[in-house]
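Summary of the model geometry
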Amino acid sequence: MYRKLSLAFLLLLLCTSLAPAQEWASKMFKVRTHDFGAVARGAVSTYDFEIQNIYEEEIHIAGVRTSCGCTTPSITKQTLKTWEKGAIHAKFNTDSFLGHKSATITVTIDKPYYAEVQLSVRGNIRGDVVLEPGIVQFGSVEQGEAASAKVRVNYAGNSSWAITDIRSHEPHLGVEMREISRGGGRVGYELTVSLKENAPVGLIQTNLSVVANDGRSQSVAIPVEGKVNSAISVSPASLPLGDVKPGQAVEKKLIVRANRPFRVTGIQCKHDGFSFGELSSEPKKLHFIPVTFTADDKSGMVVQKILIETDLAPGANGEATATVVVTAPTSEQTALQ
């Protein structure tokens, strides 16, 4: 990760070198090019170019423009403070363009200094393959639950066209294929895409690759999106325990909840100063976990992750981060000891 830098100092270095003076802005993007590959007509094809402010000064994105109507850009967050992240969202307009297309997206930054950064996208929108709907959308799914969604792949051109393989880089996705029509130069398939119970918590943004017998080198991408929400919530996620003196103890509670009854099966914490109350063996939707910290003679800040294990689903665990400051005894306190 970049160190936090002052833009005034960085600009001085860039202006006295051969590097372009606007290179400071480009450094906030890790990726500046994206290839959508071969996509079907009507597919929902999008990509987010992540931007992170690595400087002390606040960054303001004034606008974005594109060189081609085949791509529509937008800004997810215009003002970024130090270390904050945003994105330039690029939508490939597969419903109104066909063939090989490319676009240059120009990002204009006006604060603290003026700069422009160019991003590029490209792809091949196939007119002979159409998706209905344009994306496999799982929506919001709770951790430990399975889900499924259907999409139709329609082809026009040759009745002998056939899908020979469907590939995925995600082990928690499965696909079942069923041919539903063939004749008159048209072929139709229905794909049932399943999200397995072991899918990890977080956003799902990936593609399935459809391989056909048409001899084309590029497979057709089918976008897949969704979100797996944690089955367990812990509050507060950040647990401040305040200031304590060596030998003192402080106690607070964590609240662990879910939509259906569960047991807390264990608590993991690497710091010996933390202890926890007795766990209830009764399945409940809500558990209160007493957290006690007893300070030793080492002063300083203690930041410790607390992992709460449950029987709700494989990997359905909750986390909280406890923070406490052990203060050093004063000279008067030391003399009294």
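A brief structural summary. (Residues numbered from 1 in each chain as written. Predicted model: local features only at pLDDT ≥ 70, side-chain atom pairs only at ≥ 80, totals over all residues. Heavy atoms only, no water.)

This part is about the sheet that holds strand 17 (residues 238–244). Sheet architecture is open: 4 strands sit in the order 17-23-22-19, paired in mixed fashion. A strand with exactly one partner marks an edge of an open sheet, and here the two such strands are strand 17 and strand 19 (264–268). Adjacent strand axes in the sheet meet at a mean angle of 20°, parallel and antiparallel pairs treated alike. Bridge count between strand 17 and strand 23 (residues 318–326): 6 bridges; the pairing is parallel. Bridge pairing in strand 23 links Gly242 to Val324. (Pairing = 2+ DSSP bridges. Helix = DSSP H or I, 4+ residues; strand = E, 2+ residues; numbered from the N terminus. Axes fitted to C-alpha atoms, helices over the stretch in contact; angles between N-to-C directions.)

Cis geometry is found at the peptide bond from Lys111 to Pro112, where omega equals 5°. Mapped onto the elements, Pro112 comes out in the loop between strand 7 (99–111) and strand 8 (115–132). Here the residue pair Ser235 and Pro236 is connected by a cis peptide bond, since its omega of -5° sits within 30 degrees of zero. One non-glycine residue, Trp83, lies in positive phi territory at about 75°. Tracing the backbone shows Trp83 in the loop between strand 5 (79–80) and strand 6 (85–92). With a relative accessible area of 32%, Trp83 lands in the partly exposed category. (Buried < 20%, exposed > 50% of the residue type's maximum accessible area, 1.4 Å probe, protein only.)

This is a description of form; function is not addressed.
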